[in-house]
Every structure is written in C-alpha cells, then in structure tokens.
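Geometric and topological summary
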Amino acid sequence: MAKKPTKKPVKKPAAKQSAASRRLKQSSYKSFRLHKRISHQNAKLPNAFRLFKQSLVPLKTHPKLFFGITIIYGLLTIILVRGIGGGLNLTEIKDTFKEGFEGEFSSLATGVTLFSYLVGSAGSSSSETGGVYQTLLIIIVSLAIIWSLRQLMAHNVVRVRDSFYKGMYPLVPFISVLLVITLQMIPLLVGSWLYSTVVNNAIAVTTPEKLIWLLLFLLMAVLSLYMICSSIFALYIVTLPDMTPMKALRSARQLVLHRRFLVLRKVLFLPLALLLLAAIIIIPLIIFVTPLAEWVFFALSMFVLAIIHSYVYALYRELL
C-alpha cells in the first residue's frame, strides 16, 4: 500500500512588525512641577574653564577684527555717552577714602572699594540721552560681533566694515527678543526693589524678617534666571536667515530642555570669571597708578562685550 503523504505543518505567518521601530515613551516635562530627573541625550558639556578657553580662540586668531570693532565701540561711547572729560577723577575719590581706612591693609581696602565703585558705574551716563545711545551701541556692536563669529566659524573672510554693514539685517528681530528678556527680568527687578525698600525704610527690622524678604528676593531672582537661561540663546538663533523671534525663543527652549540648570551654571560662571580677572588687573593699578586705572578699566569694559558674545556663542554651539 502506498504511504499517504504526510502533511507538512503550515507555518503561521509571523506577525508583521510595524515599519517604525519601537521606541520608549519619552518622559514629559512641565515647568515648575516636581519630576524625576530627566537626563538629556547630549547632557555632557565641556566644563566652564575649558569653554572659556575655547571662546578666546576666535579673539586670539583674529585680533585685528575684534580690536577694530572694539575701537569703534569705544570711540562712539566716548563721543556719545561718556564724553571726553567724563571721568570719575579716581585720585580725589581715593584721597577721600584713605581718610576712612586705617591699618596695614588700608591701601587694599581702598583699592577694593574703588574697584566696586568702578564696576557699579560701568555703562552709566550722566544724561538720559547718553543712556539711549549706550543701549543702541550695545545692540549694534553685539550684532556685528555675532555676525563675525558666525562667519569665522564658517571659515569666511571677515572685515570690520562688513560686520557693521552685513550684520545689521536682523536688527528688529534681535530687539524683539531683547524686549522679551527685559520682561523676563521683571521678577528680579521687583524682588530687588522690595528687598531694598523694606530694609532701607526699616520695615524689616529683625533678622528673621530680613531673611524672609531676602528669601522672597532670591525666589524671584531664580524665576527670572530660569526664563532668561534659555532666552539668551534666542539672541543668536534669531540672527539666522528667515528666523522669527517666537520661533527663535521656542528653539532656544528646546536647546536647554532637561539641562537648564546645567546651562545656567555655565552662564553664571562668565560674569564671576570676568569680575575676578578685572579685579586682578585693576586693583593694583588703583593702588599704585590711580590715574591710569580708570582708562584701563574703560578699555576692558569695551572689550568685554566681545568676550561675552564669544563665550555664549561657544556654549550655544555646544548645545546644538
């Protein structure tokens, strides 16, 4: 008898996998709510010292460009804001402070006090018109520096006049982002005004009362810094072609997503580092060569704008 052919088992077709690969559900995040820490896929950033050193490379490799921009900025500041004879006369102020300090470290105390006085008066003007000119000059020179940095990163040849001619096209979007940052600073300004008012007018007398008002000021300051931490990068994004202010602000928020406080530490490092470097240079000049100290401080304050933009731009590129 012929054997019946055995039936082969029919294989069930494998379940069709979806075209898109399976992905883990991304953690959602909402501001000002308690969450588990969410790590960013590119959470590693260079430390602040390395970032600061990296930001000085364009300034060192193209000194003529940035010195040219700084000289133009300084001359316009002297003419429109400071005035030829608008100095502080540190020699007379130093003689006045010397009478109040005695002892072995009187010269150092005088130098530190005058340095803090110089820092407090930086960028100030004796008239309202001078203050308007100062703001306009900072905006114009900032656009020139940002455009120059972007062109240098693209390995293009940049001239000083090109930075002012070609770098001005995103003026209105840039000012719009600055207005948003100004609005975000309102909690900080209100908190500072409240704290100074209650302390100077003896509304808060006891130590616990002063601590409560100080805590309120710190909370409002943190709120402003939290918002500004992302918006500051919108100043660089908005200078890209066909970029609107709102789109730049949204892109900036995405850059710092899940790493806002890490970025905030990098940003806050810069003013502290610049203040320390300026103190190391200026305080000895105040003690030994007082008339020269004011002009050296003025020159440093003019060049510091290029350092700030180079540092923040380097941080912005690391975040991409």
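Residues numbered from 1 in each chain as written. Predicted model: local features only at pLDDT ≥ 70, side-chain atom pairs only at ≥ 80, totals over all residues. Heavy atoms only, no water.

**What about the pattern of salt bridges?**
Cut-off, in case you're wondering: Salt bridges, as used here, are contacts in which a Lys or Arg side-chain nitrogen is within 4 Å of a carboxyl oxygen on Asp or Glu. Only protein chains enter the accessibility calculation, which uses a 1.4 Å probe. A residue is then buried if its area is under 20% of the maximum for its type, exposed if over 50%, and partly exposed in between.
This structure, assessed with the given rule, holds 1 salt bridge. With its nearest N and O atoms 3.0 Å apart, the salt bridge here joins Asp162 to Arg159. On the basis of relative accessible area, Asp162 is assigned to the buried category, the value being 8%.

**Examining the packing of aromatic side chains**
Where we set the bar: Only Phe, Tyr and Trp rings are paired, with Trp represented by its six-membered ring, and only when their centres lie within 6.5 Å; those with planes under 30 degrees apart are stacked, over 60 edge-to-face, the remainder tilted. Helix and strand definitions follow DSSP, with helices as H or I runs of at least four residues and strands as E runs of at least two, each counted in order from the N terminus.
Summed over all chains, the structure comprises 12 aromatic pairs. For the ring pair Phe52 and Tyr311, a centre distance of 6.3 Å and an interplane angle of 50° mean the geometry is tilted. Linking Phe52 in helix α1 (residues 48–55) with Tyr311 in helix α13 (residues 290–319), this pair joins segments that are 259 residues apart in sequence. Among the residues examined, Phe52 registers a relative accessible area of 15% and is labelled buried. For Tyr311, a relative accessible area of 0% gives the class buried.

**Concerning the packing of helix α3 (residues 63–82) against helix α6 (residues 128–153)**
Rules: Fitting a line to C-alpha atoms yields each axis, with helices limited to the stretch in contact; the angle taken between N-to-C directions then spans 0 to 180 degrees. Note on angle classes: values under 35 degrees are labelled roughly parallel, values over 145 roughly antiparallel, values of 65 to 115 roughly perpendicular, and the remainder oblique. We call two residues in contact whenever any of their non-hydrogen atoms come within 4.5 Å of each other. Any residue that is not Ala, Val, Leu, Ile, Met, Phe, Trp, Tyr, Cys, Pro, Asp, Glu, Lys or Arg is counted as polar, Gly included; the first ten are nonpolar and the last four charged.
Interaxial distance between α3 and α6 falls to 10 Å at its minimum, and their mutual angle equals 175°. In terms of their interaxial angle, α3 and α6 are classed as roughly antiparallel. In contact with Leu65, Phe66, Ile69, Tyr73, Leu76, Thr77, Leu80 and Val81 of α3, α6 contributes Gly130, Tyr133, Gln134, Leu137, Ile138, Val141, Ala144, Ile145, Ser148, Leu149 and Leu152. Of the residues that constitute the contact of α3 with α6, the class distribution is 15 nonpolar, 4 polar and no charged.

**Observations regarding the side chain of Arg150**
Spelled out, the test is: Neither His nor the chain ends contribute to the count of charged residues, in which Lys and Arg are positive and Asp and Glu negative. N or O atoms within 3.5 Å of each other form a polar contact, as long as, within protein, one can give a hydrogen and the other can take it, and as long as residues adjacent in sequence are counted only when both atoms are side-chain atoms.
One can find Arg150 in helix α6. One buried charged residue, Arg150, remains without a salt bridge, the closest side chain of opposite sign being Asp242 at 13 Å. A polar atom in the side chain of Arg150 sits 2.6 Å from the side chain of Thr239. Residues within four places of Arg150 in sequence aside, it is in contact with Tyr236, Thr239, Leu240, Tyr313 and Tyr316.

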